[in-house]
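So the chains spell out like this:
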Amino acid sequence: MDPYDGEHDYMQQEDDWDRDLLLDPAWEKQQRKTFTAWCNSHLRKAGTQIENIEEDFRDGLKLMLLLEVISGERLAKPERGKMRVHKISNVNKALDFIASKGVKLVSIGAEEIVDGNAKMTLGMIWTIILRFAIQDISVEETSAKEGLLLWCQRKTAPYKNVNIQNFHISWKDGLGFCALIHRHRPELIDYGKLRKDDPMTNLNTAFDVAEKYLDIPKMLDAEDIISTLRPDEKAVMTYVSCYYHAFSGKQKAETAANRICKVLAVNQENEQLMEDYEKLASDLLEWIRRTIPWLENRMPENTMQAMQQKLEDFRDYRRLHKPPKVQEKCQLEINFNTLQTKLRLSNRPAFMPSEGKMVSDINNAWGNLEGAEKGYEEWLLNEIRRLERLDHLAEKFRQKAAIHEAWTEGKEDMLQKRDYETASLSEIKALLKKHEAFESDLAAHQDRVEQIAAIAQELNELDYYDSPSVNARCQRICDQWDMLGALTQKRSEALQRTEKLLETIDQLYLEFAKRAAPFNNWMEGAMEDLQDTFIVHTIEEIQGLSTAHEQFKATLPEADKERQAILGIHNEIAKIVQTYHVNMAGTNPYTTINPQEINAKWDKVRQLVPQRDQALIEEHARQQNNERLRRQFANQANVIGPWIQTKMEEIGRISIEMHGTLEDQLTHLRQYEKSIVNYKPKIDQLEGDHQLIQEALIFDNKHTNYTMEHIRVGWEQLLTTIARTINEIENQILTRDAKGISQDQLNEFRASFNHFDRKRTGIMDAEDFKTCLISMGYNLGENEFSRIMSIVDPNRMGIVTFQAFIDFMSRETADTDTADQVMASFKVLAGDKNYILADELRRELPPDQAEYCIARMAPYTGPDAVPGALDYMSFSTALYGESDL
């Protein structure tokens, strides 16, 4: 594939090169000047130039020369004739060469060039510029025109007021050209002094500096660019491409120079590394050569101090002298490897050190050094161990002998003590334990004595210089050891004999304590029980205490026998002490109880027994009197309690049942009330019996379930119930008379109430009341039922009494009649008026009733009413209330 095929589309577009635009004289002028200057910038390398672009290329000679200069290739030999055919032949050779570079020439023929067609000539030159000056530009994967534009954008990005987006109007102010120059050669232009509003100065500055310092000829005129609305893109692109090649060429030259310097620096560094390696290797090998004979010297020393000095010198060698050489050896290998790597990377021959200075030679010499070092160290350590052995044995003997002598100090005096003659049994046992521990310690020290003798023997065998003193000290230790063994045996026998005697006494002490402790506890408990203040409430309890006391008295003879036996043990101990002359150091270790204390407590118990007998007799008499009072109260309470309950039930039936008229029920209830009041003396008598019981501190009574509190509460409830029931009947009579309710209606109300009073308590809860109303035909919603409950249960207790029930029912049946009565009364008093005056009420009604009615009417009088007058609604509301009408 042709390397330029990727540019065919672009080249095809440029082949059209805006032929119509070339008709613009301004653009044609810019292209002539620019293309001519561009061609001359290359032709001058061949020592020639052109003056008129369409005339000077007509014979094809300079055209072929231009192509050879810019391509670096030789074209076919030109025709030197002056005829037209010769000129066409030369131009065709040039066009064929252009086509061979992958450029497709459209509508451009040799005849047109030979004829001096300016449009075709300019198009051909533009095609050459594209191919050889612009097409090879590549920036970040873009090439040709796009690559050149991207290069300009990247280079001018840091500059303010520069925004390169194309190759025409973006360059009119001249700042783009100045920015490119300043970016690469900042010393040529003082960019900070340039102004965007002075394009003429900017353009001329850039053109002059580029021509003078960058060898870029003036291809554009500042006046043409400024005066043209849209500068010619091809002219600007051609001129800008010269900037690109000028700066990129300079960069390539600098890169080549840097590469040469780098190669020279690497060579110098490699040569220095070779010299350093040779010197370092020589110094290291010389040090190894001097050190090995010193390490191979095996001349022993006679003293430990001299050998330790040799060891210290060796340690200095290992600590101070060798580590730097180890570092030098390591650095030598690193330098050698680094040098070889650098030579290989720079395609240089590998470094070959001088004979005997190879890395392997140095490693072999170093291995010999470490071998000699290891042998020298082993020899030093063996010699030091040999001398240390003798010193160690002598020091070990002295230490062990000193430890043993310190241990035996005071042991003979301790074994000859007679402290066991005044010791107690516990002290004797402690002395025995201590002696057993000493015997174990003595046996353990047997090994130490044997070790001391063995060390002394070894020092004698090694001809230790101080053997006589060692032998004398060893003999003293052995003689003392035999003496300690004999004394130990004698003391052990004496301790064991004393222990057996004291154990017998200890057994008697223990037996005394075992029997005296419970007996003493029994006497203390007996004294506590005999003196204990008892509290009983029944005859049975005092009888139980008396029985228990008699049982206690029956145990006294047996207790006295136990007392005598305990005192006998004490007497036996006293006999043994007197017989064997035992020095008793203290009292009984197992108890603090003594015979004197036992006898004293026994006498106290015998004194308390008759006192307890008398107290029990007196309490028995008191409990008999209390039992009489209990029975007396119970006989009356068991009659009064049921009587009160019966009366309560009878009153409840009377209030619920419907026998006779309300007056008959009221008469019957008042007779009940009289009979109940007549029963009061029996209640008072029961109160008197209860007072006697309280004074006797009697708190329970098994003969009755009734307490005085129960009787009082029942009596008070009975009086309250009969009074409340009588009041309810009286209220029912008042309601009946006030509302005009017949006896049959009352009976019907009572029957309905009793039917829905499911618990038979004389009251209905809210749910029962609601059910009752529904059964009577009321259509109740929640609001309506709440209103009714607020009438029958104003205290919001959730219950409805029979009185509230009949009040509500009588009100419901009488509402219509009440309204008619109010209207009739109002018409009688008002006459022809529609209101009533207060003075008229005072004339027609008694004074107190008139004033009462006037006072009630005042709040209901409207603001527009006649002063002192009431209308019908105010009158009815004042008399009967709002809820009644």
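Here the structure is a predicted model, which is why all the values come from computation and not from measurement.

Rules of the game
Residues numbered from 1 in each chain as written. Predicted model: local features only at pLDDT ≥ 70, side-chain atom pairs only at ≥ 80, totals over all residues. Heavy atoms only, no water. Helix = DSSP H or I, 4+ residues; strand = E, 2+ residues; numbered from the N terminus. Buried < 20%, exposed > 50% of the residue type's maximum accessible area, 1.4 Å probe, protein only. Contact = heavy atoms within 4.5 Å. Areas by Shrake-Rupley, 256 points an atom, 1.4 Å probe, with all protein chains shown as cover. Salt bridge = Lys/Arg side-chain N within 4 Å of Asp/Glu carboxyl O. Axes fitted to C-alpha atoms, helices over the stretch in contact; angles between N-to-C directions. Parallel < 35°, antiparallel > 145°, perpendicular 65-115°, else oblique. Left-handed = near helix turned anticlockwise from the far one by under 90°. Nonpolar A, V, L, I, M, F, W, Y, C, P; charged D, E, K, R; others polar. Phe/Tyr/Trp six-rings, centres within 6.5 Å; stacked < 30°, edge-to-face > 60°. Lys NZ or Arg CZ within 6 Å of the ring centre and 35° of its normal. pLDDT = per-residue confidence, 0-100. 1 Å grid on protein atoms, 1.4 Å probe; cavity = no way out; pocket = protein on both sides within 12 Å on 5 of 7 lines; lining within 4 Å. Points joined across faces, edges and corners; volume = space filled by probe spheres on them. Core = buried A, V, L, I, M, F, W, Y, C linked by side-chain atoms within 4.5 Å. Expected span 1.5 Å × (residues − 1). Bend = angle between axes of the 7 residues up to and from the residue.

Engineer: For the overall build of the protein, give the residues involved together with the corresponding values.
Structural biologist: A count of helices and strands for the protein gives 30 helices and six strands. A buried classification covers 40% of the 885 residues belonging to the protein. Counting only contacts in the protein whose residues sit at least 6 apart along the sequence, the fraction spanning at least 24 positions is 72%. Surface exposure of the protein reaches about 50100 Å², of which carbon and sulfur atoms provide 51%.

Engineer: I'd like a rundown of the pattern of salt bridges, residues and numbers included.
Structural biologist: Here the structure, examined in full by the defined rule, presents 48 salt bridges. With its nearest N and O atoms 3.0 Å apart, the salt bridge here joins E503 to K429. You can see E503 sitting in helix α17 (residues 467-531) and its partner K429 sitting in helix α16 (residues 425-461), a full 74 residues away along the chain. Under the relative-accessibility criterion, K429 is labelled partly exposed at 34%. Residues participating in the shared-partner salt-bridge network are R318, K322, E370, E373 and E377.

Engineer: Please set out the packing of α17 against helix α19 (residues 556-580) residue by residue, giving values where relevant.
Structural biologist: The contact between α17 and α19 brings their axes to 10 Å, and the two run at 160°. One element, α17, and the other, α19, form an angle in the roughly antiparallel class. Once α17 is placed against α19, the crossing between them reads as left-handed. Across the contact of α17 with α19, the residue classes tally to 17 nonpolar, two polar and five charged.

Engineer: Explain the packing of aromatic side chains to me, and be specific about the residues and the numbers.
Structural biologist: By the definition in use, this model includes 28 aromatic pairs. Relative to F336, the ring of Y277 has its centre 5.4 Å away and its plane inclined at 40°; by these criteria the two rings are tilted. Taken together, the residues Y277 in helix α12 (residues 233-295) and F336 in helix α13 (residues 304-345) connect sequence positions 59 residues apart. Look at Y277 and you get buried, because its relative accessible area is 1%. Judged by its relative accessible area of 13%, F336 falls in the buried class. Linked through ring pairs, F167, W171, F177, F207, Y239, Y243 and F247 together constitute an aromatic cluster. The aromatic ring of F132 is capped on one face by R131, whose charged end is 5.2 Å from the ring centroid. Seen from the ring of W407, K411 lies directly overhead, with NZ or CZ sitting 4.9 Å from the centre.

Engineer: Can you break down the confidence of the model for the protein residue by residue, with the values?
Structural biologist: Overall, the predicted model of the protein reaches an average pLDDT of 81, with 88% of residues at or above 70. Taken element by element, the protein is modelled with least confidence in helix α1 (residues 8-16), mean pLDDT 40, and with most confidence in helix α9 (residues 175-184), mean pLDDT 93. Here residues 1-23 is modelled with pLDDT under 50, and outside its nearest four sequence neighbours on either side it reaches 43 contacts, counting other chains as well.

Engineer: Describe the layout of surface pockets, listing the residues and the values that go with them.
Structural biologist: Put simply, the second largest pocket is a space of about 320 Å³. S41, H42, K45, C242 and H245 are the residues nearest the centre of the second largest pocket, which is lined by 17 residues in total. Of all the secondary structure elements, the ones that give two or more residues to the lining of the second largest pocket are α2 (25-43), α7 (118-134) and α12. At four residues, the largest contribution of residues to the lining of the second largest pocket is made by α12. The class makeup of the residues in the lining of the second largest pocket is ten nonpolar, four polar and three charged.

Engineer: Give a description of the nonpolar core that names residues and reports values.
Structural biologist: Formed by 79 residues in total, the largest nonpolar core has its most connected members in W38, I128, F177 and Y243. If one sorts the elements of this core by residue count, α7 sits on top with eleven residues. Discounting chain neighbours no more than four positions away, the residues touching I128 are W38, L63, L67, I70, I98 and A133. If you look at the next biggest cluster of nonpolar residues, it comprises 48 residues, including I651, L669, A696 and F808.

Engineer: Quick rundown of the environment of C152? Include the residues and the values.
Structural biologist: Tracing the chain through its elements places C152 in helix α8 (residues 144-156). Accessibility expressed as a relative area gives 0% for C152, which makes it buried.

Engineer: So, the side chain of D173: which residues are in play, and what are the values?
Structural biologist: Mapped onto the secondary structure, D173 falls in the loop between α8 and α9. The exposure class assigned to D173 is buried, which follows from its relative accessible area of 12%. Contacts of D173, omitting those with residues within four sequence positions, involve N161, K196, P199 and N202.

Engineer: Tell me about the environment of L773, and please be specific about residues and values.
Structural biologist: With respect to the helices, strands and loops of the structure, L773 is situated in helix α25 (residues 766-775). In this structure the C-alpha to C-alpha distance between L773 and S752, which are 21 residues apart in sequence, comes to 9.7 Å. With sequence-adjacent residues up to four places away left out, L773 is seen in contact with Y778, L780, F785, I788 and F808.

Engineer: Any chance you could break down α8 for me, citing the residues and the numbers?
Structural biologist: Here α8 spans 18 Å end to end across 13 residues, near enough to the 18 Å set by a 1.5 Å rise per residue. Restricting attention to buried positions, one finds in α8 the residues A144, G147, L148, L149, L150, W151, C152 and T156.

Engineer: Before we move on, could you go through helix α14 (residues 359-408) and cite the residues and values that matter?
Structural biologist: Count 3.6 residues to each turn of an α-helix, and residues three or four apart come out pointing the same way. Counted at 1.5 Å a residue, the expected span for α14 with its 50 residues is 74 Å, and the 70 Å between its end C-alpha atoms agrees. E388 marks the point of greatest bend in α14, at about 25°.

Engineer: Break down the packing of α2 against helix α4 (residues 61-71) for me, with residues and values.
Structural biologist: In contact at an axis separation of 9 Å, α2 and α4 are set at 65° when each is read in the N-to-C sense. Classified by the angle between their axes, α2 and α4 sit roughly perpendicular to one another. The element α2 and its partner α4 pack so that their crossing is left-handed. Across the interface between the two elements, W38, C39, H42 and L43 from α2 touch K62, L65, L66, V69 and I70 from α4.

Engineer: Mind laying out the side chain of N520, listing which residues take part and the relevant values?
Structural biologist: Tracing the sequence through the fold places N520 in helix α17. Excluding residues within four positions of it along the chain, N520 makes contact with I593, E597 and K601.

Engineer: Could you give an account of unusual backbone geometry, with specific residues and numbers?
Structural biologist: Phi angles above zero are rare outside glycine, and N161 is one such case at about 65°. Owing to a relative accessible area of 47%, N161 belongs among the partly exposed residues under this scheme. In the Ramachandran plot, R796 falls in the positive-phi region, its phi being about 55° despite a non-glycine side chain. As for its position among the elements, R796 is in the loop between α26 (782-792) and β4 (799-801). For R796, a relative accessible area of 73% translates into the label exposed.

Engineer: If you had to explain the environment of M120 to someone new, which residues and values would you point to?
Structural biologist: Tracing the backbone through its elements, the reader meets M120 in helix α7. Counting along the chain gives ten residues from M120 to A110, while the straight-line C-alpha distance between them is 9.6 Å.

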